[in-house]
Amino acid sequence: MSQKEELLLQKRFIDLSRLANRKNFITFSNFLNVNELHLFCQTTAELESGYRLFGGYEFAERQIAAFLPDAFYDIPVEFPITCLTFSPSHLKFAEDLTHRDILGALMHLGVERSRIGDIRIDGQTYYIFCEDSISDYLLENICQIRRTTVTGSKANPDSIQIQQKFEQIEGIVSSNRLDAVVAFATRKSRSQSLLLIQSQKVFVKSCVMLSNAYACKEGDVISIRGFGKFIYLGETGETKKGRIKIQLKKYI
């Protein structure tokens, strides 16, 4: 994303916030990816309204921003998100479809990526989160992914049970500084982890982190481009030499 595109997106956030505040109704962005969520975090101080982020389920990576006037701040927000589920019409002839296969089918329909949220695969069930306004179009037009014929439907929001899988890892670091935690998570040296941070490849709670001295806190979600996403669970003890034992959960 160019600097001009970033400025336009930040202006869009401010305009949506201003509209919500002045017209007294909730406005929404499209789905935002990790970089766009970082820009959003940088813009929050300039917003005229409150806000919430949601992607359709608890661990969503791509999320929609809701801009809330004061009158709506303490009430539940109904985000314009539909979850579609697809599965092979004939299991005997079904291929093992990937995220790339499903995204390719969506892009072939000419759908803008910003109108699609996360795509999740659970065995032979494929979940596509999308804006409400395009859900019927997708159901009518996604009949085949690669060579596999599929059948789709809208999922009841209360029935969506996407279980995020984790791998718990433990290790010993010199401190809870971000560079030390990143080095442990990536199995790289401290100098290599510092380079990742300086290259803007490390995000904490969707915001890019440029300070390697940031002290990681329990519950921090740390995303490292090329290495995955982790939850910092905190310290579990200390070694005789004064180093600390930590736990992470890695998204798998």
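Please refer to the structure higher up on the page.
The structure presented is a predicted model; accordingly, all values stated were derived computationally and were not measured.

A. Geometry of the sheet that holds strand S13 (residues 228-238). Taken in spatial order, the 6 strands make up an open sheet running S9-S14-S13-S12-S10-S11, and their pairing is antiparallel. The open sheet is flanked by strand S9 (166-173) and strand S11 (207-208), the only strands paired with a single partner.

B. The arrangement of the pairing of strand S3 (residues 63-68) in detail. Counting buried positions along S3 yields 6 of 6 residues, so the element is predominantly enclosed. Side-chain alternation along S3 places Gln 63, Ala 65 and Phe 67 on one buried face and Ile 64, Ala 66 and Leu 68 on a second face that is also buried. Across 5 bridges, the pairing between strand S2 (residues 50-54) and S3 is antiparallel. Counted as the bridge partner of Leu 53 is Ala 65 from S3.

C. The arrangement of the sheet that holds S3 in detail. Strand order in the open sheet made by the 3 strands is S1-S3-S2, with antiparallel pairing throughout. For this open sheet the edge positions go to strand S1 (27-32) and S2, each flanked by a neighbour on one side alone. Here the average twist between neighbouring strands, direction ignored, is 20°. Across 4 bridges, S1 lies against S3 in antiparallel orientation. The residue of S3 that forms the bridge with Leu 32 is Gln 63.

D. Inspection of unusual backbone geometry at higher detail. Despite not being glycine, Arg 146 shows a phi value in the positive range, around 55°. Mapped onto the secondary structure, Arg 146 falls in the loop between strand S7 (144-145) and strand S8 (148-154). Of note in the backbone geometry, Arg 187 takes a positive phi value of approximately 60° without being a glycine. With respect to the element layout, Arg 187 can be found in the loop between helix H5 (178-186) and helix H6 (190-198). Residue Arg 187 is classed as exposed on the basis of its relative accessible area, which comes to 57%.

What counts and how
- Residues numbered from 1 in each chain as written.
- Predicted model: local features only at pLDDT ≥ 70, side-chain atom pairs only at ≥ 80, totals over all residues.
- Heavy atoms only, no water.
- Pairing = 2+ DSSP bridges.
- Helix = DSSP H or I, 4+ residues; strand = E, 2+ residues; numbered from the N terminus.
- Buried < 20%, exposed > 50% of the residue type's maximum accessible area, 1.4 Å probe, protein only.
- Axes fitted to C-alpha atoms, helices over the stretch in contact; angles between N-to-C directions.

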